[in-house]
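Residues per chain, in single letters:
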Amino acid sequence: VLVKEAKNLKGRDADGLSNPYVAIKVKNHKTWKSQVHKRTLNPKFDEKFEAKGVLGDFVNNLMLLKVIDRNTDNIVDQTKGDSLG
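Residues numbered from 1 in each chain as written. Predicted model: local features only at pLDDT ≥ 70, side-chain atom pairs only at ≥ 80, totals over all residues. Heavy atoms only, no water.

> Residues and numbers for the overall build of the protein, please.
Each helix and strand counted, the protein has 1 helix and 5 strands in total. Written out in order from the N terminus, the α and β elements of the protein read β-β-β-β-α-β. The buried share of the protein, taken over its 85 residues, is 32%. Within the protein, contacts between residues separated by at least 24 positions form 60% of all contacts whose residues are at least 6 apart in sequence. With the model as given, the accessible surface of the protein reaches about 5,700 Å², and the carbon-plus-sulfur share is 49%. (Helix = DSSP H or I, 4+ residues; strand = E, 2+ residues; numbered from the N terminus. Buried < 20%, exposed > 50% of the residue type's maximum accessible area, 1.4 Å probe, protein only. Contact = heavy atoms within 4.5 Å. Areas by Shrake-Rupley, 256 points an atom, 1.4 Å probe, with all protein chains shown as cover.)

Have a look at this one:
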């Protein structure tokens, strides 16, 4: 899985910014976490995550991606204009 970037995230900190990271979860597998990007609403992650297992586990299960603010542990809500690539 390649996590490229997020755009126009909502600020969760008092200064209107966030310290976002991405958490990726597939059922019955560990959760992968990206590095935290400090004080930004447009982080460029460019991180690759590899998983080992049976292909059917990944094809038949939903992959959940969350963008989370490190300081508050709140999910950084997204609107239609935001994108994950």
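> Describe a nonpolar patch on the surface, naming the residues involved and giving the relevant values.
On the surface, a cluster of nonpolar side chains totalling about 230 Å² of accessible area is made up of Val1, Met63 and Leu65. In this fold, Leu65 is placed in strand E5 (residues 63–69). Residue classification places Leu65 among the partly exposed residues on the basis of a relative accessible area of 38%. (Patch = residues over 30% accessible without salt bridge, like charges linked within 9 Å, V, L, I, M, F, W, Y side chains within 5 Å. Salt bridge = Lys/Arg side-chain N within 4 Å of Asp/Glu carboxyl O.)

> Describe the environment of Asn61, with residues and values.
Note that Asn61 resides in the loop between helix H1 (55–59) and E5. Along the primary structure Asn61 and Lys27 are separated by 34 residues, whereas in three dimensions their C-alpha atoms are 6.3 Å apart. When near neighbours in sequence (up to four residues on either side) are disregarded, Asn61 contacts Val26 and Lys27.

> A description of the nonpolar core should follow, citing residues and the corresponding values.
One recurring pattern in soluble globular proteins is that nonpolar side chains are buried together. Listed in full, the 11 residues of the largest apolar core are Val3, Ala6, Leu9, Val22, Ile24, Val26, Trp32, Phe45, Phe49, Val67 and Val76. Per-element accounting of this core gives the leading share, 3 residues, to strand E2 (residues 20–26). (Core = buried A, V, L, I, M, F, W, Y, C linked by side-chain atoms within 4.5 Å.)

> Tell me about the pairing of strand E4 (residues 44–48), and name the residues and values.
Covered by surrounding structure in E4 are Phe45 and Glu47 only, the residues Lys44, Asp46 and Lys48 on the alternate face being uncovered. Judged from the 3 bridges that link them, strand E1 (residues 2–5) and E4 form a sheet pairing that is antiparallel. Paired with Leu2 across the strands is Lys48, a residue of E4. (Pairing = 2+ DSSP bridges.)

> Go over the environment of Leu62 with me, naming the residues and quoting the values.
The topology assignment puts Leu62 in the loop between H1 and E5. Its relative accessible area of 71% is what places Leu62 among the exposed residues. Setting aside chain neighbours within four positions, we find Leu62 in contact with Lys25, Val26 and Lys27.

> Summarise unusual backbone geometry; cite the residues concerned and give the values.
Here the phi dihedral of Arg39 falls at roughly 50 degrees; this positive angle occurs in a residue that is not glycine. In this fold, Arg39 is placed in the loop between strand E3 (31–33) and E4. At Asp46, a residue that is not glycine, the phi angle is positive and equals roughly 45 degrees.

Everything listed here is a matter of coordinates, which is why it stays silent on function.
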